[in-house]
Amino acid sequence: MSISRLSVSNLRNLRSVNLEFATDINLFIGKNGSGKTSLLESIYLLGLARSFRSTKLKPIINSQSQECTVFAELSVGRNRKLPLGLKRSLSGELMIRYAGEKVRTVAQLAQLLPIQVINPDTFQLLEGGPKLRRQFLDWGVFHVEHLYMEHWRQAQKCIKHRNSLLRRDKISPTELKVWSESLANLASKIDQQRQLYIDQFVPVFNEIVSQLIDLPDLSLSYYSGWDKKVELLDLLTSNFDKEQNQHRTLYGPHRADLKVKVDGLPADEILSRGQLKLVTAALKIAQGFLFNKFTNQQSIYLIDDIAAELDNEKKNKLCQLIEAMNCQAFITCVEESSLDYEWHETKDVKMFHVEHGQIKPVDRADKG
Ligand SMILES: Nc1ncnc2c1ncn2[C@@H]1O[C@H](COP(=O)(O)OP(=O)(O)OP(=O)(O)O)[C@@H](O)[C@H]1O
């Protein structure tokens, strides 16, 4: 699956943009503030119904407009083109249609247009809290095991109920037990699905990271959210007083994490900015490889400011890996000279110039 055409209107400074894309690599060159990230944001919005930059609607919609729209023509299989469109209004209205039908859930959308982002915020995957790493893990498991999201949704409901009971002055032990048992039951399924995914993920990640950077002492491990030597239900029962004091569920799949370490220390405390970028890129690329292996589909890669933090050699290695994925990629850069990588001649590559919210294709033969 790839995006063959895209029309964007009134998204940030992109008032009216109509583009035809290459099936493989799409390069966007432009000065700061020209609209490159906004273009990537429009594709992300189409795949996830939200932005990667802002949780609020107002900044995304052009300041002189009431709504923004993104419309794409998706190439699905041989010669099959299907339309996917999204409209967001300042009033909060969200409308998404695919092939003439309403899309009702974000999960449905995520399956239509699987997207991976590599941008300066991706550092947060290593520097930020465990929530982002859990989301990363969830993306991977969800695309392999579709029941997973339902288990996870039910587990979150149990945790919500337990937490609300734990906030009460008088707690009904029978009521708490019901939710603890349900949580323990779901947690074991979620944990098993996550563990299965990680077992397959780690060797792929190790292989990819070794192609990008020489870090023999780098390790990635999965923590389930509780000490698995003990049954979760026993742990919840024996820690009742502690949970009551803190008014929340202290053990379970909502406390899971991925630990990336170098020489036994958290990677974000040891690695340079460039090294962190390469490790996070390796995580995202490994996820794309596994996604392809399990589903026979490709995710779309949005790579913002590819050259930032990287020397030329590392940036070229990253390009090489993206090329090897056979996915459709949208890559931005400030300086055209930073994207001097020689893409393989079999690749369909297009370059676009971005200026003041206008995006125009550039003839690569005349790019100098
Ligand atoms: N709601 C909005 N309405 C109108 N213009 C906006 C809105 N939000 C942001 N902008 C402007 O849109 C432009 C788009 O910025 P964008 O982040 O896409 O640029 P960029 O090319 O990625 O820049 P950089 O290289 O600095 O990352 C900026 O000039 C910004 O001021």
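It should be emphasised that the depicted structure is a prediction, and the values quoted were computed from it without experimental measurement.

Asker: I'd like to hear about the nonpolar core, residue by residue, with values.
Answerer: One finds F201, F205, V279, I285, I306 and I331 to be the most contacted residues of the largest nonpolar core, which totals 75 residues. Counting contributing residues per domain, this core is built from domain 1 (1-114 + 300-368) and domain 2 (127-296), each supplying no fewer than three. Sequence-distant contacts of F201, defined by excluding residues within four places in its chain, comprise F136, L220, L283, A286, Q287 and L290.

Asker: How would you sum up the domain arrangement of the chain? Please name residues and give values.
Answerer: The domain architecture assigned to the chain consists of domain 1 (1-114 + 300-368) and domain 2 (127-296). Placing the centre of domain 1 and that of domain 2 at their C-alpha centroids yields a distance of 30 Å. Counting residues at the interface gives 18 residues for domain 1 and 17 residues for domain 2. Summed over both sides, the interface of domain 1 with domain 2 buries roughly 1,500 Å², with 75% coming from carbon and sulfur. Three residues stand out in domain 1 for area buried against domain 2, namely E309, L321 and M325, and they jointly supply 33% of the buried area on that side. At the surface where domain 1 touches domain 2, the tally comes to 0 salt bridges.

Asker: Any chance you could break down the UniProt feature "binding site: ATP" (unreviewed entry) in the chain for me, citing the residues and the numbers?
Answerer: Mapped onto this structure's residue numbering, the UniProt feature "binding site: ATP" (unreviewed entry) falls at G30, K31, N32, G33, S34, G35, K36 and T37. Position of S34 among the secondary structure elements: in the loop between β3 (25-30) and α1 (36-48).

Asker: Kindly report on the site of the ligand, identifying the contributing residues and their values.
Answerer: Close to the ligand lie 16 residues, the nearest being G33, K36, T37, S38 and R53. Residue K36 places a side-chain N or O atom 2.8 Å away from an oxygen atom belonging to the ligand. Take S63: an N or O atom from its main chain is 3.0 Å from a nitrogen atom of the ligand. Protein chains shield 69% of the accessible area of the ligand, which is 660 Å² for the free molecule. Residues belonging to the shell around the ligand are distributed by class as follows: 3 nonpolar, 9 polar and 4 charged.

Asker: Explain unusual backbone geometry residue by residue, including any values.
Answerer: Note: most peptide bonds trans; most residues except glycine with negative phi. With a phi angle near 50°, D305 is a residue other than glycine that sits in the positive phi range. Tracing the backbone shows D305 in the loop between β12 (300-303) and α11 (312-324). Its relative accessible area of 26% is what places D305 among the partly exposed residues. With a phi angle near 75°, E309 is a residue other than glycine that sits in the positive phi range. Mapped onto the fold, E309 is located in the loop between β12 and α11. On the accessibility criterion, E309 (44% relative accessible area) is partly exposed.

Rules of the game
- Residues numbered from 1 in each chain as written.
- Predicted model: local features only at pLDDT ≥ 70, side-chain atom pairs only at ≥ 80, totals over all residues.
- Heavy atoms only, no water.
- Core = buried A, V, L, I, M, F, W, Y, C linked by side-chain atoms within 4.5 Å.
- Buried < 20%, exposed > 50% of the residue type's maximum accessible area, 1.4 Å probe, protein only.
- Domains from an automatic or database assignment.
- Contact = heavy atoms within 4.5 Å.
- Buried area = accessible area lost by both parts, 1.4 Å probe.
- Salt bridge = Lys/Arg side-chain N within 4 Å of Asp/Glu carboxyl O.
- UniProt positions renumbered as here; feature names shortened; annotations may be inferred.
- Helix = DSSP H or I, 4+ residues; strand = E, 2+ residues; numbered from the N terminus.
- Near = heavy atom within 4 Å.
- Polar contact = N/O pair within 3.5 Å; in protein donor to acceptor, adjacent residues only side chain to side chain.
- Areas by Shrake-Rupley, 256 points an atom, 1.4 Å probe, with all protein chains shown as cover.
- Nonpolar A, V, L, I, M, F, W, Y, C, P; charged D, E, K, R; others polar.

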